[in-house]
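Coordinate analysis (summary)
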Amino acid sequence: MFYFNKILSLILLPPGIFIIFLLMLVIYMFVKRLYGRHFVAIITLILYLISSPLLTEILLRPLEDKYNVSDKKAEAIVVLGGGAIQGRKSVNSNGTVGDYSASRLLTAAQLSFKYNVPIIVTGGQKFSDSGNESRISNDILQGLGISKDKIIVENTSRNTIENAINSLDICQKLGIHSIYLVTSSWHMPRSVITFNKVYNNVNIKIIPFPCGYLLNNNKKISGFDLLPQMWALEANYLAIREYLGLLILKIQ
């Protein structure tokens, strides 16, 4: 019953239900030989593929496996924001962070406790209706037990390149010569390239410290990986966005 309920939910919930409807439409259009049937068939196939965990293995695995956590010591932590929501009361703040940000903040807090180093929280307010990432993250970190004097807030950056530029200015002012770069594993390759470009010709060592993995390191392919799943759709979206970002960095 467990497997039956699992398969049934994957079929009846999006994106599975939409793929079934589209597949029924494709069959009908081919039987009736309607114009545009090949286009609809291609769209259906694309939706199935980008919702497939098998494609996630192909696209996301190289990004997540690019860097491993490090046991090297750094003088500070630069943690990148990953989205925040304002106006939602949480334990320690009038606002909350998304799943990606939460994983990054938890990792940064653990590193700070372990090595007794400060955290540079970088990330501002991207849109008028979104939360200020650094302000909310600052409240959360203090709620986790990080002392106020161990947190440095940079609350104006809106993307990875601004994260790098603004954090570099802070590191130079504080005389920091090495940092842990904390961000999601799938975001780390693009972040490292961006930070290396900005930190070029300065005496600051960047130590990648990925977190928030989406793929199991010892995952075995099963029949469930043939079924479309929402988490795979989101993961494939993230991977495609990262590859586009890497392509832009390469041609710049």
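This text goes with the structure placed above it.
These remarks concern the structure in this document. All figures in this text were calculated on a predicted structure; none of them were measured in a lab.

**Quick look at the layout of surface pockets**
A water-sized probe, rolled over the atoms, reveals where empty space remains. Approximately 590 Å³ is the volume found for the largest pocket. In terms of lining, the largest pocket is formed by 29 residues, of which the most central are Lys 126, Thr 160, His 187, Arg 190 and Arg 241. Those elements that provide at least two residues to the lining of the largest pocket are α5 (99-115), α7 (160-174), α8 (188-198) and α9 (230-251). Of all the elements, α9 adds the most residues to the lining of the largest pocket, at 8 residues.

**Structural notes on α5**
Compared with an ideal rise of 1.5 Å per residue, which puts 17 residues at 24 Å, α5 spans 25 Å between its outermost C-alpha atoms and is within 8% of the ideal. Considered for burial, the residues of α5 that qualify are Ser 101, Arg 104, Leu 105, Thr 107, Ala 108, Ala 109, Leu 111, Ser 112 and Tyr 115. Asn 116 sits one or two residues past α5 and shows a positive phi near 55 degrees.

**Quick word on the sheet that holds strand β1 (residues 76-80)**
The 5 strands are arranged β5-β4-β1-β6-β7 in an open sheet whose pairing can be described as parallel. Since the sheet does not close on itself, it has two edges, and those belong to β5 (151-154) and β7 (205-211), each with one partner. Pairs of neighbouring strands in the sheet enclose a mean axial angle of 25 degrees, with direction left out of account.

**Examining the packing of aromatic side chains**
Per the stated rule, a full pass over the model turns up 4 aromatic pairs. With centroids separated by 5.8 Å and ring planes inclined at 80 degrees, the aromatic side chains of Tyr 180 and Phe 209 adopt a geometry described as edge-to-face. Of this pair, Tyr 180 sits in strand β6 (residues 178-184) while Phe 209 sits in strand β7, placing them 29 residues apart in sequence. Phe 209 shares its class with Tyr 180; the two are buried. Its end group placed over the ring of Phe 30, Arg 37 keeps NZ or CZ at 5.6 Å from the ring centre.

Parameters at a glance
Residues numbered from 1 in each chain as written. Predicted model: local features only at pLDDT ≥ 70, side-chain atom pairs only at ≥ 80, totals over all residues. Heavy atoms only, no water. 1 Å grid on protein atoms, 1.4 Å probe; cavity = no way out; pocket = protein on both sides within 12 Å on 5 of 7 lines; lining within 4 Å. Points joined across faces, edges and corners; volume = space filled by probe spheres on them. Helix = DSSP H or I, 4+ residues; strand = E, 2+ residues; numbered from the N terminus. Expected span 1.5 Å × (residues − 1). Buried < 20%, exposed > 50% of the residue type's maximum accessible area, 1.4 Å probe, protein only. Pairing = 2+ DSSP bridges. Axes fitted to C-alpha atoms, helices over the stretch in contact; angles between N-to-C directions. Phe/Tyr/Trp six-rings, centres within 6.5 Å; stacked < 30°, edge-to-face > 60°. Lys NZ or Arg CZ within 6 Å of the ring centre and 35° of its normal.

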